[in-house]
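Architecture and fold: a report
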Amino acid sequence: MKKQQPSSYLGIIILVVILLLGGVAAYSAHKADWLGRLKSRPSYDEKLVSMVSVHGALKIEDLNLSGYEIRKLNFAALSHRETFPQVDLTLNPVTKRMPETMKRATPLSCQLVFKTKGEAEIRFWKRTVLRRDFVPSVINSMQRAEKEYLHIRELPRARPLKRLYL
């Protein structure tokens, strides 16, 4: 059997190095493009859509919502916009002294009002939610409000609905 020449080992090593450098260059280009997209985040990552208005002593910025949480709220609002073109959130602190920075365990007083295209509105009683449960609570409330509103509208001999409390 014939032994391989040292030059063939060198050729294989050079080929592997070239392939590795090409892979690193392609990955770096992809990563730089991904990071560039993160730095120039779209506005729906930073603020709520205009159909959602926030009232009360706390503003939405005070909650320190992540881009993911804002996207979830925006997606929920936009997916229910045929039923509720206007969503009003009233946010207030539960205690008189709010911490300087909002923590995930900070309690909030929250009231939700979903307005329909007609004159009806679906209101949720004021409730206390922890900051970490705020986004899921709003999304679940929106789903529940739509389900109840559509159910009542489909009832036979149903009178026009002005206000529904949940």
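The structure reproduced in this document is the subject of the present report. (Residues numbered from 1 in each chain as written. Predicted model: local features only at pLDDT ≥ 70, side-chain atom pairs only at ≥ 80, totals over all residues. Heavy atoms only, no water.)

Description of the overall build of the protein
Helix and strand counts for the protein stand at three helices and six strands. Taken over 166 residues, the protein has a buried fraction of 31%. Put simply, 67% of the contacts in the protein that link residues at least 6 apart link residues at least 24 apart. For the protein, the exposed surface amounts to about 11,700 Å²; the carbon and sulfur share of it is 58%. (Helix = DSSP H or I, 4+ residues; strand = E, 2+ residues; numbered from the N terminus. Buried < 20%, exposed > 50% of the residue type's maximum accessible area, 1.4 Å probe, protein only. Contact = heavy atoms within 4.5 Å. Areas by Shrake-Rupley, 256 points an atom, 1.4 Å probe, with all protein chains shown as cover.)

With respect to the nonpolar core
V52, L63, L65, L73, F114, I122 and F134 are the most contacted members of the largest nonpolar core, which totals 34 residues. Among the secondary structure elements, those contributing two or more residues to this core are α2 (67-79), β2 (86-93), β3 (107-115) and α3 (134-154). Tallying contributions element by element places α3 first for this core, with seven residues. Residue contacts for F114: discarding those within four places in its chain leaves F84, Q86, V87, A120, E121, I122, F124, S141, M142 and A145. (Core = buried A, V, L, I, M, F, W, Y, C linked by side-chain atoms within 4.5 Å.)

What to know about the pattern of salt bridges
Inspection of the entire model under this criterion finds five salt bridges. Across the pair K117 and E82 runs a salt bridge whose closest N-O atoms are separated by 3.3 Å. Here K117, found in the loop between β3 and β4 (121-123), pairs with E82, found in the loop between α2 and β2; they are 35 residues apart in sequence, far enough to count as distant. Given the relative accessible area of 58%, K117 is considered exposed. For E121, the salt bridge identified is with R163, shortest N-O distance 2.8 Å. Remark: R163 occurs in strand β6 (residues 163-165) and E121 occurs in strand β4; sequence separation between them is 42 residues. For R163, a relative accessible area of 46% gives the class partly exposed. The network of salt bridges with shared partners includes E121, R123 and R163. (Salt bridge = Lys/Arg side-chain N within 4 Å of Asp/Glu carboxyl O.)

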